[in-house]
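Chain by chain, the residues run as shown.
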Amino acid sequence: MKRIIMSLRAVLAKQPPSSNGRLLRAIALATTLILIASCAPAPSIGAITPPYVGTGIDPESWALIPAGAFPYGQHDHITDVDYDYEMMVTTVTNEQYARFLNEALAAGVIRVGEVEVETGEQVWVEVGAHGFYPGDPYDGYKHEEQIKPGDKLFFPNEADGVRVTFDGQTFHAIHEYSNHPATMVTWFGANAYCEVYGWRLPSEIEWEKAARGTELVDGRGLPFPWGTHIERNNANYYSSFDLFVKMFGKLGNTTPVGFYNGNTYTLEDGSYTTLDSASPYGLYDMAGNVWQWTGDDYPKQHYRHMRGGSFYSYEVDLRVWKFNSAGPQHYSPQVGFRCAR
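Now for a quick tour of the structure.

Conventions we followed
- The residue numbering used here restarts from 1 in each chain and proceeds along that chain's sequence as written.
- For this predicted model, a pLDDT threshold of at least 70 governs which residues receive local features, and a threshold of 80 or more governs which side-chain atom pairs are given and counted, while totals over whole chains, interfaces and linings are taken from all residues.
- Excluded from the side-chain calculation are hydrogens and water; included are all heavy atoms of the structure.
- Salt bridge, as applied in this entry: a Lys or Arg side-chain nitrogen positioned within 4 Å of an Asp or Glu carboxyl oxygen.
- Numbering of helices and strands starts at the N terminus; helices are DSSP runs of H or I of at least 4 residues and strands are runs of E of at least 2.
- The buried label applies to any residue whose accessible area, calculated with a 1.4 Å probe on protein chains only, is under 20% of its type's maximum; exposed applies above 50%, and partly exposed to all values in between.
- Being paired, for any two strands, means DSSP has found at least two bridges between them.
- Note on definitions: angles span 0 to 180 degrees between N-to-C directions of axes, and those axes are lines fitted to C-alpha atoms, for helices only across the stretch in contact.
- Any pair of residues with heavy atoms lying within 4.5 Å of one another is described as a contacting pair.

### As for the pattern of salt bridges
Scanning the entire structure with this criterion turns up 13 salt bridges. Between aspartate 76 and arginine 212 there is a salt bridge; the shortest N-O distance is 3.2 Å. With aspartate 76 in the loop between β2 (68-72) and β3 (77-81) and arginine 212 in helix α5 (residues 204-212), this residue pair connects regions lying 136 residues apart in the sequence. Per residue, the accessibility class of aspartate 76 equals that of arginine 212, and both read buried. Between arginine 307 and glutamate 208 there is a salt bridge; the shortest N-O distance is 3.0 Å. One end of the pair, arginine 307, is in strand β15 (residues 304-307); the other, glutamate 208, is in helix α5, and 99 residues separate them in sequence. Across this residue pair, the class does not change: arginine 307 and glutamate 208 are buried.

### Looking at the sheet that holds strand β7 (residues 150-155)
The strand order β5-β6-β7 describes an open sheet built from three strands, whose pairing is antiparallel. In this open sheet, the two strands that pair with only one neighbour each are β5 (110-119) and β7. Taken over all neighbouring pairs, the strand axes of this sheet differ in orientation by 65° on average, direction set aside. As judged from the five bridges shared by strand β6 (residues 122-133) and β7, these two strands associate in the antiparallel manner. Its bridge partner lying in β7, histidine 130 is registered against leucine 153. Across the sheet, helix α3 (residues 94-106) lies against β5, β6 and β7, angled at about 105° from β5, the strand it touches most. Against the sheet, helix α4 (residues 187-196) contacts β6 and β7, and its axis sits at roughly 90° relative to β7.

### Some points on unusual backbone geometry
You will see that methionine 184, though not glycine, has its phi angle at about 60°, which is positive. Of note, methionine 184 is situated in the loop between β9 (171-173) and α4. The phi angle at aspartate 285 is positive, at roughly 60°, despite the residue not being glycine. Position of aspartate 285 relative to the elements: it lies in the loop between β13 (270-273) and β14 (291-293).

Okay, structure coming up:
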């Protein structure tokens, strides 16, 4: 496209300032605008399948976050967490989520088929894995959306962009994406995953402490898990030009969990050196790759908050205090989760 526009500009530059020249200039300009309008902003993430890339980071591992105070939020309010807890070192992978779905299906905890999805006054039907949720406390507050007890969509297995397939009996993670974050999972589905194994989604406070630790630099907490500023090789974010962008062009996609660990990855089309970007407690991908669901239910609104930013985020939104929010029925190629215990 850039070459086409440059060629058109070259043609226009050679036209004399006559009526014919003005006509040609108008035609060329219109052609340019049509070409620009016809270009999609980004290809679907389902349009490519990258090779499998191992990172050496075990997604089954956990990190201990000891009790103590830490600087919380953009203004570094010193906040105490008076208990030890653990969090998963990486986000849950597609392989792990497929295993959960199979185990939950065999145990009768979930079902697969049509389920009503409700948000406010809108109700529609989707096909996917679903299970019971007891509902949120309801206060009748103005504009409050009631989260009623009932079956909720966990994972829309027929939606575009899923990396876990269902053959009618069993769920399978697409091999090349098996160690990528499990995405397209609703808050209900993320919460169910953690609860089935006796765990929980982390609170926002727990998530942020695990991401930034306790260190102060010039009186301020760390804005990024690894330090005070961000390089392109620290995380997967918009325009970070990671290995997959180098191989497939400028498009958004997830990277394998724990990808930014200081390794150099060599594939047929080149190599890419990452910076070791673990948090002070050894957690990976606490900035970028996918937004992560947190467990808090805020009264009178019930939106769930997500932390960390994603491959579609600019670097400013990867700062540890930034958050996003959506209803618990939301799912997206940019959203994943990890558990705490």
